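If you want the building blocks of each chain, they are given just below.
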Amino acid sequence: MDFSLNEDQRAIQDVARAFADAELAPHSAEWDETKHFPVETMRAAAEMGFCGIYTGEEHGGMALGRVEAAVIFEELSRGDVSTAAFISIHNMATWMLDTYGSDELRARFVPSLVTMEKIASYCLTEPGSGSDAAALRTTARRDGDHYVLNGSKAFISGAGTSDVYVVMARTGEDGPRGVSTFVVEKDTPGLSFGAQEKKMGWNSQPTAIVSFDDCRIPAANLLGKEGDGFRYAMSGLDGGRLNIAACSLGGARLALETTQEYVKTRKQFGRPIGDFQNTQFKLADMATQLEAARLMVLRGAWAIDTNHPEKTKWCAMAKRLATDACFQIADEALQLHGGYGYLKDYPLERIVRDLRVHRILEGTNEIMRVITAREMGRQ
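For the protein chain, the helix and strand inventory stands at 11 helices and 10 strands. Here the C-alpha radius of gyration of the protein chain, 21 Å, is about what a compact globule of 379 residues would show, namely 21 Å. If you line up the protein chain on its principal axes, its C-alpha atoms span 80 × 45 × 40 Å. Taking all 379 residues of the protein chain together, 56% fall into the buried category. When the accessible area of the protein chain is evaluated, it comes to approximately 16,400 Å², of which 51% is carbon and sulfur surface. A gap of 5 Å separates the mean positions of the 42 positive and 52 negative side-chain charges of the protein chain.

An α-helix turns once per 3.6 residues; consequently, residues spaced three or four apart project the same way. Its 29 residues place the ends of helix α8 (residues 277-305) 42 Å apart at the C-alpha level, agreeing with the 42 Å of an ideal helix rising 1.5 Å per residue. When α8 is considered as a whole, its buried residues turn out to be T279, L283, M286, L290, A293, R294, M296, V297, G300, A301, A303 and I304. Among the structural elements, α4 (66-79), α7 (229-265) and α9 (311-336) are those in contact with the buried residues of α8. Looking one or two places after α8, you find N307, whose phi comes out positive at around 50 degrees.

Structurally, D354 can be placed in helix α10 (residues 348-356). Despite being buried, D354 has no salt bridge partner; R350 is the closest side chain of opposite charge, sitting 4.9 Å away.

As a further point, take the packing of α4 against helix α5 (residues 81-100). Put simply, α4 and α5 touch, their axes get as near as 7 Å, and they point 150 degrees apart. Between α4 and α5, the interaxial angle falls into the category roughly antiparallel. Contacts between α4 and α5 involve R66, F73, L76, S77 and G79 from the first element and V81, A84, I87, S88, N91 and W95 from the second. Here the contact of α4 with α5 is composed, by residue class, of 6 nonpolar, 4 polar and 1 charged.

Moving on, we get to the state of the cysteines. Throughout the structure, instances matching the rule amount to 0 disulfides. Take C51: it sits in no disulfide, and the sulfur closest to it among the cysteines is that of C247, at 12 Å. The thiol of C326 is unpaired, and the distance to the nearest cysteine sulfur, on C247, comes to 10 Å.

Bridge count for strand β3 (residues 146-157) against strand β7 (residues 207-218) is 9 bridges, and the pairing is antiparallel. By the bridge assignment, Y147 is partnered in β7 with I217. Sheet topology places strand β6 (residues 191-193) next to β7; 3 bridges connect them, and they run antiparallel. Residue pairing in the sheet places S192 in a bridge with S211 of β7.

Quick look at the packing of helix α1 (residues 7-24) against α4 now. Between α1 and α4, the least distance of the axes is 8 Å, while the angle of their chain directions is 20 degrees. With respect to α4, the element α1 is oriented roughly parallel. Of the two possible hands of crossing, α1 and α4 adopt the one that is right-handed. On α4, the residues that touch Q9, I12, Q13, A16, R17, F19, A20, D21 and L24 of α1 are V67, E68, V71, I72, E75, L76, R78 and G79. Taken together, the residues that form the contact of α1 with α4 break down as 9 nonpolar, 3 polar and 5 charged.

Let us now look at the pattern of salt bridges. Pairing is possible between side chains of opposite charge, provided their charged atoms come close. Per the stated rule, a full pass over the model turns up 28 salt bridges. Of the charged contacts, one joins E257 and R78 as a salt bridge, the two residues approaching to 2.8 Å between their closest N and O atoms. Of this pair, E257 sits in helix α7 while R78 sits in helix α4, placing them 179 residues apart in sequence. For E257, a relative accessible area of 27% translates into the label partly exposed. Where K282 meets E332, a salt bridge forms, and the shortest distance between an N and an O atom there is 3.3 Å. Linking K282 in helix α8 with E332 in helix α9, this pair joins segments that are 50 residues apart in sequence. Among the residues examined, K282 registers a relative accessible area of 27% and is labelled partly exposed. Given a relative accessible area of 24%, E332 falls into the partly exposed group.

Right, let's get into the environment of R356. By the secondary structure assignment, R356 is in helix α10. We classify R356 as partly exposed; its relative accessible area is 30%. Spatially, the C-alpha atoms of R356 and G201 are 7.9 Å apart, while their sequence positions differ by 155 residues. In this structure, R356 is in contact with M200 and F327, ignoring residues within four places of it in sequence.

Turning next to the side chain of T181. With respect to the helices, strands and loops of the structure, T181 is situated in strand β5 (residues 179-185). Judged by relative accessible area, which is 0%, T181 ranks as buried. A distance of 3.2 Å separates a polar atom in the side chain of T181 from the backbone oxygen of G229. Among all residues touching T181, those that are not within four sequence positions of it are M96, V166, V167, M168, N221, L222, L223, G229 and Y232.

This next bit is on the pairing of strand β2 (residues 139-143). As a general feature of sheets, a regular strand has side chains that alternate between the two faces. By the bridge criterion, 5 bridges tie β2 to β3 in an arrangement that is antiparallel. The partner of D143 across the bridge, within β3, is H146. Linking β2 to β3, which pair antiparallel, is a turn of 2 residues; within it G144 sits at a positive phi near 65 degrees.

Procedures and definitions
Residues numbered from 1 in each chain as written. Predicted model: local features only at pLDDT ≥ 70, side-chain atom pairs only at ≥ 80, totals over all residues. Heavy atoms only, no water. Helix = DSSP H or I, 4+ residues; strand = E, 2+ residues; numbered from the N terminus. Rg over C-alpha atoms; globule rule 2.2 N^0.38 Å. Buried < 20%, exposed > 50% of the residue type's maximum accessible area, 1.4 Å probe, protein only. Areas by Shrake-Rupley, 256 points an atom, 1.4 Å probe, with all protein chains shown as cover. Lys, Arg positive; Asp, Glu negative; His and termini not counted. Charge placed at Lys NZ, Arg CZ, Asp CG, Glu CD. Expected span 1.5 Å × (residues − 1). Contact = heavy atoms within 4.5 Å. Salt bridge = Lys/Arg side-chain N within 4 Å of Asp/Glu carboxyl O. Axes fitted to C-alpha atoms, helices over the stretch in contact; angles between N-to-C directions. Parallel < 35°, antiparallel > 145°, perpendicular 65-115°, else oblique. Nonpolar A, V, L, I, M, F, W, Y, C, P; charged D, E, K, R; others polar. Disulfide = S-S within 2.5 Å. Pairing = 2+ DSSP bridges. Left-handed = near helix turned anticlockwise from the far one by under 90°. Polar contact = N/O pair within 3.5 Å; in protein donor to acceptor, adjacent residues only side chain to side chain.

Quick look at the structure:
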């Protein structure tokens, strides 16, 4: 049992850290304030392979494992949680297309996705089906050599800007077996977008409703086979949950590091507050929670890389624990800053706002408990 990264993984970590320090961290507050979607910066990340991390090499991906992905997303999110999280979603959608798409679809889309010449979004959640994702109502009706889509998707990151939408829609019976997955391009007639949502966090990426009104796409845009789409969506989410958990690690790490420096200089009662045992105990607990969360994330990543039969359980457990723990770390860091933590002069309030949604998306943490309990019952 070896808990250390190997030489290649450490090199990847160093590259991701340097990119985050130079290209993300200096702009994070501004992007949050102005709600700027930093497409050119993400394309610079793509030049380093960060937009096709575990996509196959045939069409330009790096073909790395999920352990490497977790390492990369922790480093990127230490620079900017919101932007790193969007890159993680783009990776998930690109991987799904590369894994389940036909040779023609893969050759057509994947090369421009790994360079981020084209941007991808993942479309599962609907206004009426969030946690009960298999109850989705968007339909795809076969009409000759086309499918006609009708319905809408909610809370879609990249909506209106992304070029490619990986969409789950119903082609058959109720429940998961009636769901299929499609690729829909931005300029397709019948595809439209709602107004941008006004959000608590994740402000460096757009979020909106995606609507389909007799949206006609080629039948060749079906990923894999009819009825297998929900399985594809869930396999994408195993890794997506780890990505979001890793993004929580980066945000919490920045919060902890910022606080460690702050308590050395902030004085109360004639002493730095870092001298007080109460402060030291809080920092010790925060560091322990962060390390435990990281170990869980890497365990889940290892499970996917080795195709472990319990990988879905480990990913759900890791996502639940890491996103809860990291939000608590960030909140405690804000508390240790007192009133200053509530100001935008410091990164703490932004980290808290950005990490809060990680406990909701890619499956709420309540659903992570449902998945864990279900998988335990199968043992």
